[in-house]
Amino acid sequence: MVWLSHWKIGNQIILEAGDEVNVSAGSAKDLWLAEEIGVDIVYDEPEEKGSQHHKAYTRHQNVTNVGDLSEYQFTPDYYHLCHHGNHQEYHQYGIGIEGFGFLEKIIFGESEDIAVRRWFARKERVLLTYEDSASFTEEEEWSADIERFLLSRANEKELFASIEPWNAFRFSAPKVDWHKVVWFKHHVLRWAIVQWLCILGRLATKDRLHRWGVIDCATGVLCTTFDESHEHLFFGCPFSTSVWQYFLVKNSIHRPCFPLLNEIQWINVHRGGANLQTLLVKLSCAAVVYHLWRERNTHIFQGMSSTPDQIISVVASDIRGYVSSCRNIRKSDVNRLLCLTWNISGRVFVNS
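Residues numbered from 1 in each chain as written. Predicted model: local features only at pLDDT ≥ 70, side-chain atom pairs only at ≥ 80, totals over all residues. Heavy atoms only, no water.

Student: Account for the overall build of the chain, with residues named and values stated.
Tutor: Counting secondary structure elements, the chain contains 15 helices and 7 strands. Taken across its 352 residues, the chain has 34% of its residues classed as buried. Residue pairs at least 24 apart in sequence account for 51% of intrachain contacts in the chain once pairs closer than 6 positions are excluded. On the chain, roughly 23300 Å² of surface is accessible, and the fraction owed to carbon and sulfur atoms is 52%. (Helix = DSSP H or I, 4+ residues; strand = E, 2+ residues; numbered from the N terminus. Buried < 20%, exposed > 50% of the residue type's maximum accessible area, 1.4 Å probe, protein only. Contact = heavy atoms within 4.5 Å. Areas by Shrake-Rupley, 256 points an atom, 1.4 Å probe, with all protein chains shown as cover.)

Student: Let's hear about the nonpolar core: which residues, and what values?
Tutor: Counting residues in hydrophobic clusters, the biggest one holds 56 residues, and the most contacted among them are Phe234, Phe247, Leu260 and Ile319. Elements represented by at least two residues in this core include exactly helix H7 (179-182), helix H8 (189-200), helix H11 (238-250), helix H12 (260-270), helix H13 (276-302), helix H14 (308-324) and helix H15 (333-342). With 13 residues, H13 is the largest single contributor of residues to this core. Ignoring any residue separated from it by four or fewer positions in sequence, one finds Phe234 in contact with Cys198, Leu203, Pro259, Leu260, Val289, Leu292 and Trp293. (Core = buried A, V, L, I, M, F, W, Y, C linked by side-chain atoms within 4.5 Å.)

Student: Account for the packing of H8 against H12, with residues named and values stated.
Tutor: Where H8 contacts H12, the two axes come as close as 10 Å, and the packing angle between them is 115°. With respect to each other, H8 and H12 are oriented roughly perpendicular. Regarding H8 and H12, the two cross each other, and that crossing is left-handed. Between H8, through Gln195, Cys198 and Ile199, and H12, the contact on the second element is made entirely by Leu260, Leu261 and Ile264. Classifying every residue of the contact of H8 with H12 gives 5 nonpolar, 1 polar and no charged. (Axes fitted to C-alpha atoms, helices over the stretch in contact; angles between N-to-C directions. Parallel < 35°, antiparallel > 145°, perpendicular 65-115°, else oblique. Left-handed = near helix turned anticlockwise from the far one by under 90°. Nonpolar A, V, L, I, M, F, W, Y, C, P; charged D, E, K, R; others polar.)

Student: Which residues make up the confidence of the model for the chain, and what values go with them?
Tutor: Confidence along the chain averages 75 in pLDDT terms, with 61% of residues attaining 70 or more. For residues 48-61, every residue scores under 50 in pLDDT, and the model assigns this stretch 10 contacts once sequence neighbours within four places are set aside. Scored below 50 in pLDDT, residues 136-142 makes 15 contacts in the model with residues more than four places away or belonging to other chains. (pLDDT = per-residue confidence, 0-100.)

Spelled out as structure tokens, the structure:
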């Protein structure tokens with residue numbers, strides 16, 4: 001839509017040669033947005049110029065013969081030109097140019113009868129109505145009025161916080177104690193996601209697919225003796241046990257393999273803190289789970305299989321490459337020994 005508005009201001013002297021004019025357009029209730037605005041100041045004299053301008057837009061002009069601009073004047077240098085009664089309301093409540101700038105930051109409600117405005121302050125989030133804005137006086141500073149209003153609402157505990165509606169509809173569950181084993185600082189996202197789904201029992205293992213009626217046989221592909229389940233795949237079958245047992249020894253953990261959930265609990269209890277030893281154990285567990293699941297899918301969908309030694313080689317290479325990219329590991333005798341065991345470059349140490 002093109003809106004052409006012609007304001008006749010008569011013979012009032014409000015502009016002089018060299019004056020700078022700043023013009024802005026806006027809609028109080030966001031009924032429309034202005035993509036482009038242009039202003040052309042036309043004088044009655046000489047008549048040729050003024051007549052030519054009027055002839056060009058005769059059919060589209062919205063002519064308003066103001067005459068006296070005092071009704072639209074907020075300050076000596078500011079005029080609010082509009083075709084409805086809002087400017088009179090602004091004067092009625094004593095809102096000057098500072099107040100108009102404040103109202104522009106208010107979010108209007110959808111009600112046409114009562115204009116409800118919400119003002120979200122930086123420190124206190126409160127509800128501001130039209131009657132509240134009327135209490136702000138012109139004589140006092142607006143900043144003082146707003147501060148007094150916010151303090152009064154704070155005392156009445158009429159606060160609004162975004163956390164309240166979020167807590168109202170989100171599903172809340174108790175915090176699990178294994179989250180630091182999966183979502184630690186240096187986790188690898190794709191490894192952590194598969195490990196997380198495995199802990200929750202949400203991977204599409206064959207025993208689940210069989211219960212859903214998707215497949216007829218639930219026998220595993222890594223171990224063709226038993227049905228494939230989360231408990232058997234991680235780490236109950238000989239294939240996965242041999243892979244994980246290798247990395248237990250590599251991380252100086254000399255004991256038999258546990259099922260994955262028990263391994264997570266053991267790591268959470270015995271491998272805490274932010275050190276290289278803990279990082280390698282957590283990365284090893286996540287990488288082994290990820291690559292075992294990947295090997296299972298490759299065998300099913302591509303008909304390709306790998307030996308446990310090949311899986312071990314890939315996992316060790318991935319962990320070594322990831323840790324080698326770190327540059328904030330503390331230099332110590334234990335960490336030097338771990339780097340030698342994993343064939344990790346000494347550049348990972350701080351100030352090395």
